[in-house]
Structures are given as structure tokens and as C-alpha cells.
Amino acid sequence: MGHDHHHDHHHHSPSNIKTAFFLNFGFTIIELIGGVLTNSMAIISDAIHDLGDSLSLGTSWFLQNKSEQKSNQTFTFGYRRFSLLGALINSLVLVAGSLFILSEAVPRLLNPEPAHAGGMLLLSLLGMAVNGAAVLKMKSGASMNEKVVSWHLLEDVLGWVAVFVVSVVMMFWDAAILDPLLSVLITLYILMNVLKNLKKTLFLFLDAVPEEMDTEQIEQSIRSISGVEDTHHTHIWSLDGEQHVLSTHVVLNEDISKADMMQVKASIKEALGAYPLEHITIETECTTDDCSLTTVHH
């Protein structure tokens, strides 16, 4: 995973989210009206979900833009973390929306109301087209935030496919219970994925080691470099789920020359080049040094 590849993604992502936001918001309004007119719980629940999406897409767009800003005295790592905040807000909005939908749809299971199947069919075709276009637009996203957003949009497409199938069935059979049943299934499915993403986002906020990074393996590859006696205090965390930061202490042979020390550092950086690391800090010390001074904060 080269660095250029990652940075390239960032240049066009806010415009992807912007397009997805306008598509989604415009469609949510059509959908709310359509859901009420067709008396379809599945469509109303999808509209509430879409409204949540629109809000979070709006915040994502704003925060993704913010996350592009250069670092300064206050935010020395830049604003990458802001896109994580977008993913967090996003997930929380969806959890709240999903719980609300369940509270509305479950009573309907007990006494179903008839819905207008023809109207549902038309809305589902429109829904598949609009959300499908937004998914294609978001496909190139790489940050955690964009992944969360494209997940929502893909779920919306699947939701509309299900509404389409149900509306076709309801045109031929009197099966009003299918509508609230579908509403509950869509919501539970969304809730499951959102909670998974929420856990991942919270882990990143708490500075957990990113999933694809193996601290043990990284330390071993540093130790295998000639001139390195040992390594410790290796810390890895992530800025936005995509770009990571690493700092480590490397113990060198006490009679190492300055030139060799520079060579060792270069070799370590080369070994770490395989990982998506935005910042690498290598603290060197000799075997006879007392490391306690440099690690008071532990």
C-alpha cells in the first residue's frame, strides 16, 4: 500500500460525499411523502434511515473537508481525526434511528395495515436507481468515514430490492404483514453492521492498534536489522482508520558509529515502508544507556 495511493483518495472524497449527500437528502423527502401516501411502514422506516444518512452524510462531508486541512500548532497531526468523528456521529444517529423504527414496526406486525403496492413498486425502482448511483460514486473511498457512508448506501440499495420484491408479492396476494416484517428485518440488519463499525471507530478513538498492524511482527522485523540489539516501547495508533502513526525505541550496539546509526534508521524506515504509516518516530539508545529518563510517562 503506497502512500501516494492513500493521498490520492483524499483529494476527491469530499466531492463524493457531497454528491451522495444531495442525492440522499432530495430522495429522503420524496420517500417520506411516498411512505405516508402508500401507508408503507417499510418505506417510512427506510425514509427515517435515509434522513439519518443525510444528516450523517452532511456531517461527514463537512468533517471530511475539515480533515483535509494541513496541520498547525494546535493539531500537529492535521485534522485526520475529524473524519473519525464523522464516522462516530454517523453510527450513533443510525443506532437511534433504528431503535425508533423498531418501536414503530413491531406493533404493526401484530395488526398489519394494508399498503399501496403499486406506489411501493414505483418508489422502490426510484430508490434502487438513486442509491445505486450514490454507491458507485462512493466506491473509491478509503477512509473509515467513507467506508461507513458507502455501507449505508449499499444497505439502502438492498433495502429497496427487498421493498421491490415485497411490493410485487403484495400486488398478487393479500400479505400486509410483509411490509412491517421487512421493515424490522432491514432495521436489524443495519443495526448489526452499524454496531460493528461503531466498535471499530471507538477502538480507533481509544488509540487501539489498527487491525491490519501486528506489533509483534513489526518489532521482530526491526530486531532482525543488523546493528539493532533490541526494541521496546513500540506504539502504533491510527489517525483516521487509514493512516497510522508509529513510535519505537531501538537499542543499538554501544560502539556503533554515527554513520552506522543513520544506516540502521534508514533500514528500519525501509522495513516499515510496507505499512500505511503517516509518521514514524525512532528513538535510538545504546545498550549502556538508562532508558528510564525517556520513558517517564509510562
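Rules used throughout
Residues numbered from 1 in each chain as written. Predicted model: local features only at pLDDT ≥ 70, side-chain atom pairs only at ≥ 80, totals over all residues. Heavy atoms only, no water. UniProt positions renumbered as here; feature names shortened; annotations may be inferred. Helix = DSSP H or I, 4+ residues; strand = E, 2+ residues; numbered from the N terminus. Buried < 20%, exposed > 50% of the residue type's maximum accessible area, 1.4 Å probe, protein only. Contact = heavy atoms within 4.5 Å. Areas by Shrake-Rupley, 256 points an atom, 1.4 Å probe, with all protein chains shown as cover. Axes fitted to C-alpha atoms, helices over the stretch in contact; angles between N-to-C directions. Parallel < 35°, antiparallel > 145°, perpendicular 65-115°, else oblique. Left-handed = near helix turned anticlockwise from the far one by under 90°. Nonpolar A, V, L, I, M, F, W, Y, C, P; charged D, E, K, R; others polar. Salt bridge = Lys/Arg side-chain N within 4 Å of Asp/Glu carboxyl O. Pairing = 2+ DSSP bridges. Right-handed = clockwise from strand over helix to strand, strands pointing away.

Going by the annotation in an unreviewed UniProt entry, the name recorded for the protein chain is Cation diffusion facilitator family transporter, with Salibacterium lacus given as the source organism. Among the UniProt annotations of the protein chain, the heading Sequence similarities (unreviewed entry) holds the following wording: "Belongs to the cation diffusion facilitator (CDF) transporter (TC 2.A.4) family. SLC30A subfamily." According to UniProt, the comment filed for the protein chain under the heading Subcellular location (unreviewed entry) is "Membrane".

## So, the overall build of the protein chain
When helices and strands are counted, the protein chain shows 8 helices and 3 strands. When burial is assessed residue by residue, the protein chain has 47% of its 298 residues classed as buried. Intrachain contacts of the protein chain at a sequence separation of at least 6 include 76% that bridge at least 24 residues. In the form shown here, the protein chain has an accessible surface area of approximately 14,600 Å², with 65% of it arising from carbon and sulfur atoms.

## Points about the UniProt feature "transmembrane region" (unreviewed entry) in the protein chain
Mapped onto the present numbering, the UniProt feature "transmembrane region" (unreviewed entry) falls at residues 20-38, 82-103, 115-136, 148-171 and 177-195. Strand forms 0% of residues 20-38 and helix 100%; the C-alpha atoms that close the span are 26 Å apart. Between the C-alpha atoms that bound residues 82-103 there is a distance of 32 Å. The span itself is 100% helix and 0% strand.

## Considerations on the packing of helix α3 (residues 81-110) against helix α6 (residues 178-205)
One way to put it is that α3 packs onto α6 with a least axis distance of 8 Å and a crossing angle of 155°. When the axes of α3 and α6 are compared, the pair comes out roughly antiparallel. As for the relative orientation of α3 and α6, their crossing is left-handed in sense. Considering only residue class, the contact of α3 with α6 consists of 25 nonpolar, 5 polar and 3 charged.

## Points about the pattern of salt bridges
Between side chains of opposite charge, a pair can form when the charged atoms approach closely. Counted under the stated rule, the structure contains 3 salt bridges. In this structure, the salt-bridge partner of arginine 223 is glutamate 219, at a minimum N-O distance of 3.5 Å. Placement of both arginine 223 and glutamate 219 in helix α7 (residues 215-223) is noted, with a separation of 4 residues, approximately one turn of the helix. The exposure class of arginine 223 is partly exposed, given its relative accessible area of 32%. The exposure class assigned to glutamate 219 is buried, which follows from its relative accessible area of 13%.

## Considerations on the pairing of strand β2 (residues 244-252)
Among the 9 residues in β2, 9 count as buried, and that is most of the element. What you see with β2 is no split at all: His244, Leu246, Thr248, Val250 and Leu252 on one side and Val245, Ser247, His249 and Val251 on the other are buried throughout. Judged from the 8 bridges that link them, strand β1 (residues 228-238) and β2 form a sheet pairing that is antiparallel. What sits directly across from histidine 235, in β2, is serine 247. Pairing of β2 with strand β3 (residues 277-286) involves 9 bridges; the strand directions are parallel. In the sheet register, leucine 246 faces β3, and the bridge partner there is isoleucine 280. Taking the sense of rotation as the criterion, the β-α-β connection linking β2, helix α8 (residues 258-272) and β3 turns out right-handed.

## Points about the environment of valine 245
Mapped onto the secondary structure, valine 245 falls in strand β2. The spatial distance from the C-alpha of valine 245 to the C-alpha of leucine 277 is 5.5 Å, given a sequence separation of 32 residues. Apart from residues no more than four positions distant in its own chain, valine 245 is found in contact with Phe77, His235, Ile236, Trp237, Leu239, Leu277 and His279.

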